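Residues per chain, in single letters:
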Amino acid sequence: MNDYIKQLTALLGQLSDEERSEVVDFYSEYLQDGGFVRFSDCVAELGTPRQLARKVLADYSIKTLENPSRSDSRTQRSKSDVQTIWIIVLALLSTPVTIPLAVGVAAMFVVAIAVTFALIVSVIAIFVSIIAGGLGSFILGISMLFSHFWVGLFYFGIGLAVVGALLMLTPIFKWAIDGLIHGITLFSKWIYSKISSKNRAQRKDDQK
């Protein structure tokens, strides 16, 4: 049991000291009360330490998602969303019982991620195209000012207009990307809730 708990503790590095201590104490007490002394007995009851750790990390990530800190910036929330998606994917893949039961749902999940990635790439491509067009017009306008003043001024003005529009649209592009990432995070959470089930320790704790 000690080896099992030691490996579990090492795999929970993403949690805070308080959260990790809470998890370790909970499962240590459960295994001790149940008489699960040998490593193989612990694995049979709760899965391997890695499987259990991924489930714990997914549960905590979803809890954080449901109760976000008000001090977190939008960038921090987007980073947290991406991390949550990855942790949930690992948790689902590391739970053998979910694999035969979730082929259809897993396919939906993969498609959703692929579509979201394609949309994000499209938004970035549009953003880059606007930048390229604006810089091209700006440079062309400057190069033509001395030979064809009015034509050069026209292109120079277009370049300035594109730069101005870009500054106005930047928050919108960022909002769109953040929204897509958050949307797939919520979908990941829904998939996880449908596929993942509580282990015996959690069910026993709920009955108290």
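Residues numbered from 1 in each chain as written. Predicted model: local features only at pLDDT ≥ 70, side-chain atom pairs only at ≥ 80, totals over all residues. Heavy atoms only, no water.

### Examining the confidence of the model for the chain
Scored by pLDDT, the chain comes out at a mean of 75, with 77% of its residues at no less than 70. Here helix α8 (residues 200-206) stands out as the least confident element of the chain, with mean pLDDT 61; helix α1 (residues 2-10) is the most confident, with 87. (pLDDT = per-residue confidence, 0-100. Helix = DSSP H or I, 4+ residues; strand = E, 2+ residues; numbered from the N terminus.)

### Description of α1
Residues of α1 that are buried: Y4, I5 and L8. Buried positions in α1, seen along its axis, are confined to an arc of 95° and lie on one side of it. Opposite the buried face of α1, by more than 90 degrees, sit the exposed residues N2, D3, K6 and A10. (Buried < 20%, exposed > 50% of the residue type's maximum accessible area, 1.4 Å probe, protein only. Arc of directions from axis to C-beta.)

### What to know about helix α2 (residues 17-34)
Between the first and last C-alpha of α2 there are 26 Å, a value that for 18 residues agrees with the 26 Å anticipated at 1.5 Å per step. Among the residues making up α2, those that are buried are R20, V23, V24, Y27, S28, Y30 and L31. Within α2, the buried residues cover an arc of 165° as seen down the axis, which keeps them to one side. Along α2, the residues that are exposed and aim more than 90 degrees away from the buried face are E18, Q32 and D33. Phi turns positive one or two residues past the end of α2, at G35, with a value near 75°. (Expected span 1.5 Å × (residues − 1).)

### With respect to the packing of α1 against α2
Put simply, α1 and α2 touch, their axes get as near as 10 Å, and they point 160° apart. In terms of orientation, α1 lies roughly antiparallel with respect to α2. When the axes of α1 and α2 are compared, the crossing they make is right-handed. For the pair formed by α1 and α2, the contact residues are Y4, I5, L8 and T9 on the first element and R20, V24, Y27, S28 and L31 on the second. Residue composition of the contact of α1 with α2, grouped by class: 6 nonpolar, 2 polar and 1 charged. (Axes fitted to C-alpha atoms, helices over the stretch in contact; angles between N-to-C directions. Parallel < 35°, antiparallel > 145°, perpendicular 65-115°, else oblique. Left-handed = near helix turned anticlockwise from the far one by under 90°. Contact = heavy atoms within 4.5 Å. Nonpolar A, V, L, I, M, F, W, Y, C, P; charged D, E, K, R; others polar.)

### Looking at the environment of R38
Inspection of the secondary structure assignment puts R38 in the loop between α2 and α3 (39-46). Judged by relative accessible area, R38 falls into the exposed class, the value being 56%. Between the C-alpha atoms of R38 and M1, which are 37 residues apart in sequence, the distance is 5.6 Å.

### Some words on the nonpolar core
Formed by 24 residues in total, the largest nonpolar core has its most connected members in L12, Y27, L31 and V56. For this core, the secondary-structure elements that each account for two or more residues are α1, α2, α3, α4 (49-66) and α5 (74-93). Per-element accounting of this core gives the leading share, 7 residues, to α4. I120, V123, F173 and I177 belong to the second-largest nonpolar core, a separate cluster that totals 5 residues. (Core = buried A, V, L, I, M, F, W, Y, C linked by side-chain atoms within 4.5 Å.)

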